[in-house]
Amino acid sequence: MLVRSALPFAIALAVALPAYAASLPANNTAPQSVPQGGGNAQQIEKMLQRIKLPPGFSISLYALVPAARHIAVGPQGKVIFVGTTGTKIYAITAGDNRAAKVDTFAPSIGFVMPNGPCFAPDGSLFVAEQNRILRFANAEAEVASKSLHAEIVVEQGELVPRSEQSRGHSARVCRVGPDGKLYVALGQPYNVTPPNKVTLYQKLGIGGILRMNVDGSGRGVFATGIRNSVGMDLNPNDNVLWFTDNQVDMMGDDIPPGEINRAPRAGLNFGFPWYGGGHTRTREFAREKPPEGIVFPEIEEVAHAADLGMTFYRGQMFPEKYRGGIFSAQHGSWNRSVPVGARVMFSPLKPDGTGDRSEPFAEGWNIPNGGYLGRPVDVGGLPDGSLLVSDDDAGAVYRITYKRP
C-alpha cells in the first residue's frame, strides 16, 4: 500500500496534499447479508401502525439495518448506503416497496464510526469517519466488485488532531456541493468548549464545518460557532448550505432551543460557545463578549430533541406544500425530565428562501413512560419521491409514501 508522507497537523491544513495519495483494499472479505424477515421485522411493522402522519401518508418497513444512521442514496437510486457509529457500513439494494437485500459494504476495511456517507454527482461515495475520510469511486455500480477499493481523502488522524479525538460528538456528516467541494461537519467534544480550546478549535474547524476539494486538498474552515452538527444539506434552489445543531445540555428542560441554520457564505460564526442555542447564553461564557456578527438560527426547535439528519425534499410524490422544504429527524432527548423528539419534522421555507416554523410530520416513537419505540436519525429521498427514515434504536430504515386520500 502506498503511504502518504507524514505532516504535522497544522501544516497539513495549509498544504495541498497529493490527490488520493494512498488507497486501501476493500473487498478481500466477502460481504455479510442481513436477514430481512422474522420476528424483528414483524415487531417493527406492528410498531409502525402507531406512527401518526398527515392524511394520505403511510410508513412501512423498508429494510432491517443494524444501528442505522446516516443515509446516502446512490445517484441511480439502485443502492442506498447507511452509516453507523460502530465499524460497519451497509449497502441496501433497492426494491420496489422494500429492500431487495442488505449487505455489509467493504467489510475488510477497518472503519471507525463511519457515520456519514455522501455522494458526489459523478457517483463517488465519500465516507466521513471519526478521524478519516475515504472515497469509493463508482460505489453504486461496483458495490460488490472485488476490484472496488478505497481512496484516502483525509488520512487517519488528520481530520482532527489525535489529542482532540473523542468518542463524544464525533459522528461526522458530509455533503458534496454544486461547487464541487466536500463539506464536512466536525462536532467539538465537550458540552461547552473550555475557554483555552476556543481559539484552536476555530482555527481547525472543530465545532464547525470544513470545506475542501474532493481529493482533500484546499482544505479550509467554512463555518465556526457550531456545537455538534449531525445533519446538513444544500438547498437545490439557491445552493445555500443548511445544517442542524445540537445544543448545550444541563440547562433545564426548556432551554436552549435546537437549531436549523443557514450559511449563505463562508466565514460565518453561529455563536457557540457564547450561546448555548438560539439567543440563550451559556453560563460558562456569560461574562464574555461574543464576537461581532453572530448568526442566529433560521429555525428554532424544541429544546433537547436532538436534531440530527436533514434533507431538502426534491421529489414530486408529496403534495406541493412539501416540495422544496426541509425534512429533519429528531433523535429524542436524554437530558429532559419529559422526553421530546423521536420524530420527523417538516420545515417550509419562506418565498425569499429563509426558514419558517417547523411542524411534526411523523411522530409516535415516544412512549408514555419516557422510553422509545425507535429513534429517527436521518432522512433521505428516493427517486420516486418517497422518503427514507433511518432508526438506530430499532435497527431499521422506513419508507414514507403518499397517495391522495
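Described below are features of the structure shown in this document. Just so we're clear, the structure is a prediction, and the values are computed from it rather than from any experiment.

Some details on the state of the cysteines
Next, step 1: The final tally for this structure, using the stated rule, is one disulfide.
Next, step 2: Disulfide pairing places Cys-118 opposite Cys-174 at an S-S distance of 2.2 Å. The sign of the S-S torsion, about -115 degrees, decides the handedness of the disulfide formed by Cys-118 and Cys-174: left-handed. One end of the pair, Cys-118, is in strand E7 (residues 116-119); the other, Cys-174, is in strand E11 (residues 173-176), and 56 residues separate them in sequence.

Remarks on the nonpolar core
Among soluble globular proteins, nonpolar side chains are generally buried collectively.
Next, step 1: Phe-318, Phe-327, Phe-361 and Tyr-398 are the most contacted members of the largest nonpolar core, which has 28 residues in total.
Next, step 2: When contributions to this core are tallied by element, the ones reaching two or more residues are helix H2 (38-47), strand E2 (57-64), strand E24 (343-347), strand E25 (359-363), strand E27 (387-391) and strand E28 (396-402).
Next, step 3: Look past the residues within four positions of Phe-327 in its chain and what remains in contact with it is Gly-309, Met-310, Thr-311, Tyr-313, Phe-318, Tyr-322, Val-344, Met-345, Phe-346, Phe-361, Val-379 and Leu-387.
Next, step 4: Counting 20 residues, the second largest nonpolar core, distinct from the first, contains Phe-105, Ala-106, Phe-119 and Phe-136.

Some details on the pairing of strand E12 (residues 181-186)
Note on strand geometry: in a regular strand, side chains alternate between the two faces of the sheet.
Next, step 1: Of all six residues in E12, five are buried, a share of seventy percent or more.
Next, step 2: As paired elements, E11 and E12 share four bridges and run antiparallel to each other. Bridging from a neighbouring strand, Val-173 pairs with Ala-185 of E12.

Quick notes on the sheet that holds strand E23 (residues 326-330)
Next, step 1: An order of E22-E23-E24-E25 is seen for the four strands of this open sheet, with the pairing classed as antiparallel. With partners counted over all chains shown, the strands left at the sheet margins are strand E22 (307-312) and E25, one partner each. The average undirected angle you get between the axes of adjacent strands in this sheet is 25 degrees.
Next, step 2: In terms of strand pairing, E22 meets E23 through four bridges, oriented antiparallel. Across the sheet, Phe-312 pairs through a bridge with Ile-326, a residue of E23.

Re H2
Next, step 1: Residues of H2 that are buried: Ala-41, Ile-44 and Met-47. Down the axis of H2, the smallest arc covering the buried residues is 125 degrees, so these residues share one side. Within H2, the exposed residues directed more than 90 degrees away from the buried face are Gln-42, Gln-43 and Lys-46.

Let's talk about the environment of Ala-141
Next, step 1: Position of Ala-141 relative to the elements: it lies in the loop between strand E9 (133-136) and strand E10 (149-154).
Next, step 2: Sequence-wise, Ala-141 and Gln-156 are 15 residues apart; in three dimensions their C-alpha atoms are separated by 26 Å.

Concerning the sheet that holds E27
Next, step 1: With respect to topology, four strands assemble into an open sheet ordered E2-E28-E27-E26, the strand pairing being antiparallel. Every other strand in the sheet has two partners, leaving E2 and strand E26 (376-381) as the edge strands with one partner each. Between one strand axis and the next, the sheet turns by 25 degrees as a mean value, whatever way the strands run.
Next, step 2: Pairing analysis gives five bridges linking E27 to E28, with the strands arranged antiparallel. Looking at the pairing, Asp-391 lines up with Ala-396 of E28.
Next, step 3: Set on the sheet, H2 makes contact with E2 and E28; between it and E2 the angle comes to about 165 degrees.

Let's talk about the side chain of Arg-343
Next, step 1: Along the polypeptide, Arg-343 turns up in strand E24.
Next, step 2: Leaving out residues up to four positions away in the same chain, Arg-343 has contacts with Val-302, Ser-328, Ala-329, Gln-330, Pro-360, Ala-362, Glu-363, Trp-365 and Pro-376.

Parameters at a glance
Residues numbered from 1 in each chain as written. Predicted model: local features only at pLDDT ≥ 70, side-chain atom pairs only at ≥ 80, totals over all residues. Heavy atoms only, no water. Disulfide = S-S within 2.5 Å. Helix = DSSP H or I, 4+ residues; strand = E, 2+ residues; numbered from the N terminus. Core = buried A, V, L, I, M, F, W, Y, C linked by side-chain atoms within 4.5 Å. Buried < 20%, exposed > 50% of the residue type's maximum accessible area, 1.4 Å probe, protein only. Contact = heavy atoms within 4.5 Å. Pairing = 2+ DSSP bridges. Axes fitted to C-alpha atoms, helices over the stretch in contact; angles between N-to-C directions. Arc of directions from axis to C-beta.

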